[in-house]
Each structure stands twice: as C-alpha cells, then as structure tokens.
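# Reading the structure
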Amino acid sequence: MRSLRLRTAVAAAMAVGAMAVVAACGSGDSSSTSTGAGTSGGSTGAAASGEPVTLTWWHNATNDPLKTLWGKIAKDYEGANAGVTIKVQPIQNEQFTTKIPLALQGDDFPDVYQQWGGGQQATQVQSGKVADITDQVAPWIGDIGGIADGWKTDGKQYGVPYSQHVVGFWYRKDLFEKAGITEPPTTLDELNADVQKLKDAGIAPIAIGAKDRWPAAFWWEYFALRACATDTMQQALANVDFSDECFVKAGEDMKAFMDTKPFQDGFEGTTAQQGAGSSAGMVANGKAAMELQGTWNPYVMSDLTEDKELFSKLGWFPFPEVEGGAGDPHAALGGGDGFSCTTKQADACAAFLEYLVSPEVQKQLVSSGATTLPVNPEAASAITEPTVKDIQSYVNDTPFMQTYFDVALPTDIGQAVNDAIADFTVGQGSPEDVVAAVR
Amino acid sequence: MSADLASRPARRATVRRAARHRLLARRRLELALLLGPALLLFGAFVLAPIGIAAYYSLHEWSGFGPISDFVGFDNYRRAFEDDVFRGAISHNLIIAGLSLLIQLPLAIALALLLNRRLRGQGALRLIVFAPYVLSEAITAVLWLLLLQPDGAVDQTLQAVGLGGLVQPWLADRDIVLYTMFAVVTWKYIGFGIILLLAGLQGIPSELRDAAAIDGASPWQATRYVILPLLGPTIRIWIFLSIIGSLQLFDIVWIMTGGGPAGSSATMATYLIDRGFRRYQFGYGSAVAVILFLICFVFALLYQRYALRRDTRGALAQGVG
C-alpha cells in the first residue's frame, strides 16, 4: 500500500518532468521522423542527367479526392520520368506548423512540401533550407499569372501555387427565398436589410466559426479592403504598419455591422469545419443562411450533411460594397495552396512543380473536385459548376487580390492579428486594439 | 585435526568476506544494469530538454535558422506583463481551487457511499470510473458536441423543465472556464473515487466497530476515525489534482482553443499557442520554463511539508 502510494508520487513527479520534455521537444529538437530524404544521391540536377532521384513529398491532402489524386499524379510523373521516385507522405494540415520547423532545423527535411506563401514562407526561408527556384521556374511561371507572386520572398520565387482561393459568401438559395430575398446583396446596406429579413423569418442569418479565429479575420480583412485604398493596403502589409486611419475605420464599420447581431447564437464558441454544429455544418444543414468563407467551403460542407442535393442549393456572392471607404469595391481577399522546394533536390522538385501547374494536372484537379479554382487559366474550361464559373470570372475581373493577412504577414504578427480580430469579434477590445496588434 | 579446527573459523571468515565482496560487486552490477538505462533515458529525455528549453528561453527565436538573438530575461518579463498569460495562470489556479473545494468533497462522499455494501455496487463503481478510461481528446470532442447550442445538454435541460438554465456554455466568456471545470470533474472524479476506495479498503473494519461500541454515531465514526485514516490518500489526491490542474491542456485546447478571447486559456494552451502557432519558440520556451518551475516548486514544497509523513516509511522500507 505504502510503496504503491510512493510510486504514484514518483509517477506524478515524472509527469512534471514529462511536461518539460514536451515543452522542450517542441522548441526545436530535430528528432522528427526519418523520411529517407536525400538517400539517393542528393546532387542537384539529377533529374536532368537521368540519375535516379527520390523526392519526398509532404502534402496536406489527408482526405479524398485530393489524397488519391496526388498519389495518381505522383505515379504518372514517375512513369513519364524514368529514374524519378516520389515518396508521397500526406500529413494532417494542422501538423505542418509543427513538423516543418522541426524538419528544417535538421537534415531530414522533405524535398517538396506544402506552402501557403507570404510571411510564413519568409519565416521558413530564414532556415536556409528552402530553395530559391527563381531560375528554374522562369520559363513557365508566367503561365499561371499574378498569383505566383504570393510565393515570392524578397523578390525571389520560393514556392509555386497549384490552386487558388477567394473568400466570399456562400448562401442557401432556399433560405433566401423563404425570407423573401430575391437578389444577393451588393452593398452593405442591402446585406443589413437581408439580415433583418432572415431574422424576421426566424432564420439565423450568418454563421461564423469564431472559435477558429481565422474565419473572424476574413470579416475584418474585408472591411479593411473596402476602407483602405489599394496602395495603402499594400504599403501597410509590406511595412507591417497599420497606423493608417482606414484600419480603424474598418473596425468601426465591422462593429456597426456586428451591432445588428447578424451571427448565430453562441458564435463565439463555434468551430468552422467540425461537425454539423460548426459554421459550415449549419449552412450545409439549413440552420443558417450564409457564411463568409473560402472557395473550399462546399467541399467541407458536403462532408457535414446527408443532403445529396446540397450543391444545387448553394449560391455565391462577393463581399458587398461599403459606403465611404477608399478601397476598391471589387477588391477580393484570397490565397492559394502551393509547394516549396528544399535545397537538396531543388531542380528535380522544380520540374515536378512545373508538372503540377500544367494544364494536364490542373484539369484533373478541377474535374475531380479537389480544387475549385485552378491557377492555370487553361484549365478553367474544366469547370462545370455554374456557381464556380461565376467565381472564376469574378476572380479574373478583380482589380486587386489581397492575400489573407495571416499569411501575408510574418507568422507571429499574422497570428497576433487573427487573435486580436477574434477577440474584437466576440466583443473584447476596440478597433484600435486590432491595429495595435500589428507591431 | 586440531589445526583444521583452528583454521576453520578463519577460513570461514575469508569465505564470508569473499562472498560479501562478490555480493557487493554483484549488487553494484545489478544497480548499474537496472538503474543505468533509466538514468540515461531520464537524463536524455527529461533533464537535457529542460536545460535546452531554458537555453531557448533566453533568446528570441522563430524556430528557423541559428539561435543568435540573445535577449536575456526579456521573454520572462514579457510573459508576466501579458494579460493573457496572467489570465491563464489565474485560470489554472481557479481550476485547482475548485478541484479542492468541489471535486474532493464530492469524491470523498461518493467513495464513502460506494464503500458500503449496497446492491449493484460493482456496476455503480464501473459507471463512476468509466469516464476516467476515456482519453482526454475523446472526452473533449464528446463534450464539445454535447455542449453545442441547442445540443444534447440544452435539450435535456429543456426536457426536464430547466430551460432557463441553458447557457452558451462554450461561447460566454464568463461561463466557459466553469464549463471546462465541469468537464474535467466529470472525467477525473472516478479516479479520485477509486483512489479513495482503495484507501478505505485499507482501514480495518474493527476500528469502526470499536468506535460504535464506544458509542460513536456513524457520522462521528466517519469524521473522527475514518477520515483521519484516509489522510494519506487524500493528500496524494490533492497533489495529483493540483499538478493536473496546473498542466491542464487537452480538454481546453480541443474544446475552446483557450477562447473566446483567452477566457479559458491555461498556461499550457498559451504555451502551445505562442510557440507553435506564432512560431515564437524562444518565448514559448520561457513560458514552458515558468510552467515547469511552478509545478516543480509546488511538488517540492508539497513533498516536503505535506507528504513527508506519508512517504518516509515507504522510502526506508522500499530501499531496504
């Protein structure tokens, strides 16, 4: 009895120690799983000279259809390029933030890995192990247009996007009809009126997954895009300085909008994508009329409902115009998914990325439903959904596409902004506090 | 013959000395074999990481590139100046305090109840202990779903006419911490009960009988005989409970991520958030070191002042 109790105490003391291990391991020991990267040669340019090359590929597609498709594309590429072997390793999205720093600290890093560009990429470039592929991509990067600039750091290309996203409103046509709304709103006043109509009809107007923070950030960032002139916006993000008045106005506009209580009950604790009670789940199941979300949202929704007819019930409209702002009324918020190369196999990796943005692969991405908007305009013909065609043409026509702030800014500041916006959204802090988070 | 007789004790002594030497050598080998690997692992995976974390904590470091930006104790100062971190410390302390005030009496009461011979005792014990078997992640997801607005909890309350009690459990900044505490209690109460039941089993029934013969009421027998004898078990429970409260992470991280607006953040969720989500590995390490020191100092003091009496005998016997 006694020694048992002692052992419990010792176990507890060990638990204290283990906590420190967790804490310390987290802070950057490079004991990540062995990937076998670089085991075959490791000389750059191996692909060109026909020597065998093994590329380790970390991507975030742990679900179908993309998971299967990436596997097939890797096989296709191996078939067409003798000597190239691709080790495909799907890694859960949330794990990238921990796995990449650990991998880049050591020598066991992947050759190709998921990359969202912007400030996060710039942070990773500091490791010295992300490859500058400006020269390798020069012949073909022009094919995919301006979106590739989001994967530049200090003017050099450190990654290549394969899909494009834009944030807008996904709404239920049936619920809009029920509330007597005939046309999607184009101005903030119209949106306010529609919110009231939906409330009168007993429908939660707008779902938001504020618990996850980034969905709340979409709102504030769009208000900022409408309040701030394009030049001001670009300068502010480049200099990490939000002192311009327009950013305070963005918060005030958002506050005025939120004072109408447009969000679902308990939105402060709602997740964005998990379960039927999440914001995406609510719209998917007809519990809320609309949600400001990225182009991926219909695919998220379809996993959260039994409704096979969901797609036909969904419509899309861009963020409305806001009166009195200096921003372009059609500027859009968005981003994309891409990949970076690391230094060991930069040439072989860049060649593989060229394949990923080729019309051949891009069309497969679209037609399988894995990607909503391709980066290669030649693949746009593969889009069949009328709603997605509308989005594609909106993106083509937008005068200015702003990358999500948390991606565009250095990681620590981007996340601090997300936190400040999320706090502001749930009623803690002022418009000035959000601006103060950027320092 | 006589020579033989004379030399016998001497030889016996030599033999005994040699045997003792062999025994000592064997003992040392045994110690090295049994303790060596454990010590090595302990050093490599407990002590060294603590040291490394302390080293990181003195630098500003994004997790990439060389660690060169030495900032001294700046990270520590920043942590204690941050409202969110101070809030997190107070949340940990509130959870620990509530555990002592609510969980402990509840666990003792239920343990005393379950210690009596009653019908379905086994089944009751199983039910009470079941949540402890679930992992924290499963518990968190389970309750996340149950506590959705208009979810199972709200509907149950409405069905029994307590609809007025329905709250935005995970969304209201003034309530969410207590929701967390309720879930933690649901999960860990069974562990406390099992621990206390084991303690109760160790108390001879003769003592209660003797008290009864001396005219003690059942309440008096419980209060003055049983509870004092349960002291060592209660003290261990308090130790485990406070350490657990200070390190609370999984349930909170999954259910709220520390939100809304930091109102349910704990030291551990804050540490992971700053370290891994914001890539502030130096700062995150500083928070980790603070968390470690708080737990460590508490553990030492508690061992020194509260547990010494309970473990002294065990230590002496254990080594002998």
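On to the overall build of chain A, then. Helices and strands together make up the secondary structure of chain A, namely 20 helices and 13 strands. Burial analysis of chain A (439 residues in total) assigns 56% to the buried set. Here chain A displays about 16,900 Å² of accessible surface, and carbon together with sulfur accounts for 49% of that area.

This paragraph deals with the sheet that holds strand E7 (residues 168–172) of chain A. All names here are of chain A. Spatially, E8-E9-E7-E10 is the arrangement adopted by the four strands of the open sheet, whose pairing is mixed. Sheet topology places strand E8 (204–207) and strand E10 (314–317) at the edges, where each strand pairs with a single neighbour. The average angle at which neighbouring strand axes cross in this sheet is 25 degrees, direction not considered. Two strands pair when backbone bridges link them, and E8 and strand E9 (residues 288–293) are joined in this way by three bridges, in the parallel orientation.

A separate point is unusual backbone geometry. Trans peptide bonds make up the majority, and among non-glycine residues the majority have a negative phi. For the bond running from Gly259(B) to Pro260(B), omega is -5 degrees, close enough to zero to count as cis. With respect to the helices and strands, Pro260(B) occurs in the loop between helix H11 (250–255) and helix H12 (267–277). Phi is positive for Val240(A), which is not a glycine, with a value near 50 degrees. Note that Val240(A) resides in the loop between helix H10 (230–239) and helix H11 (245–258). Although it is not a glycine, Asp150(B) adopts a positive phi angle of roughly 65 degrees. As for its placement among the helices and strands, Asp150(B) is situated in the loop between helix H5 (136–146) and helix H6 (152–159).

Residue and element names in this part refer to chain A. Sheet topology note: the strand E1 (residues 53–59)/strand E2 (residues 84–90) ladder contains seven bridges and is parallel. Residue Val53 lies in a different strand from E2, and its bridge partner there is Val84. Once the chain exits E1 it traverses helix H3 (residues 66–80) before rejoining the sheet at E2, and the crossover so formed is right-handed.

The next point concerns the nonpolar core. With 85 residues, the main nonpolar core has Trp219(A), Trp220(A), Phe242(A) and Phe247(A) as its most contacted residues. Sort the elements by how many residues they give to this core and helix H9 (residues 214–227) of chain A lands first, with 10 residues. Two domains each donate at least three residues to this core, and these are domain 1 (47–166 + 334–403) and domain 2 (168–333 + 404–436) of chain A. Excluding residues that lie within four positions of it along the chain, Phe247(A) makes contacts with Trp220(A), Ala224(A), Cys228(A), Met233(A), Ala236(A), Phe242(A), Phe405(A) and Val435(A). Of all hydrophobic cores here, the second largest spans 46 residues; its members include Ala79(B), Ile236(B), Phe239(B) and Cys295(B).

Our focus in this paragraph is the pattern of salt bridges. Residue and element names in this part refer to chain A. Within this structure, the stated rule accounts for 19 salt bridges over all chains. Among the ionic pairs, Asp149 bridges to Lys152, the shortest N-O distance being 3.4 Å. Classification of Asp149 by relative accessible area gives partly exposed; the value is 46%. Judged by its relative accessible area of 36%, Lys152 falls in the partly exposed class.

Another point: the confidence of the model for chain B. All names here are of chain B. Looking at chain B, pLDDT values average 88 and 93% of them are 70 or higher. The low-confidence segment residues 315–320, where pLDDT is below 50, has one contact with residues more than four positions distant or belonging to other chains. In the model output, the complex is listed with pTM 0.82 alongside ipTM 0.78.

Our next topic: the domain arrangement of chain B. By convention, interface size is frequently given as the accessible area that disappears when the constituent parts associate. The domain architecture assigned to chain B consists of domain 1 (2–53) and domain 2 (74–317). Using C-alpha coordinates to define each centre, domain 1 of chain B is positioned 43 Å away from domain 2 of chain B.

Now for the state of the cysteines. One pass over the structure, following the stated rule, counts two disulfides over all chains. Here the disulfide map of chain A reads 1-2, 3-4, the bonded cysteines being numbered as they appear in the sequence.

The next subject is the side chain of Asp253(A). All names here are of chain A. If you trace the backbone, Asp253 turns up in helix H11. The class of Asp253 is buried, set by a relative accessible area of 16%. In contact with Asp253, other than residues within four places in its own chain, are Phe223 and Val322.

Our next topic: H3(A). All names here are of chain A. When the terminal C-alpha atoms of H3 are compared, their 21 Å separation across 15 residues agrees well with the 21 Å that a helix rising 1.5 Å per residue should span. Inspection of H3 places Leu66, Leu69, Trp70, Ile73, Ala74, Tyr77 and Glu78 among the buried residues, and these make up the whole buried set. Those residues of H3 that are buried lie in contact with E1, E2, strand E6 (159–166), strand E11 (332–341), helix H15 (346–356) and helix H16 (359–367).

So, how was this worked out
Residues numbered from 1 in each chain as written. Chains lettered and ligands numbered in written order. Predicted model: local features only at pLDDT ≥ 70, side-chain atom pairs only at ≥ 80, totals over all residues. Heavy atoms only, no water. Helix = DSSP H or I, 4+ residues; strand = E, 2+ residues; numbered from the N terminus. Buried < 20%, exposed > 50% of the residue type's maximum accessible area, 1.4 Å probe, protein only. Areas by Shrake-Rupley, 256 points an atom, 1.4 Å probe, with all protein chains shown as cover. Pairing = 2+ DSSP bridges. Axes fitted to C-alpha atoms, helices over the stretch in contact; angles between N-to-C directions. Right-handed = clockwise from strand over helix to strand, strands pointing away. Core = buried A, V, L, I, M, F, W, Y, C linked by side-chain atoms within 4.5 Å. Domains from an automatic or database assignment. Contact = heavy atoms within 4.5 Å. Salt bridge = Lys/Arg side-chain N within 4 Å of Asp/Glu carboxyl O. pLDDT = per-residue confidence, 0-100. Disulfide = S-S within 2.5 Å. Expected span 1.5 Å × (residues − 1).

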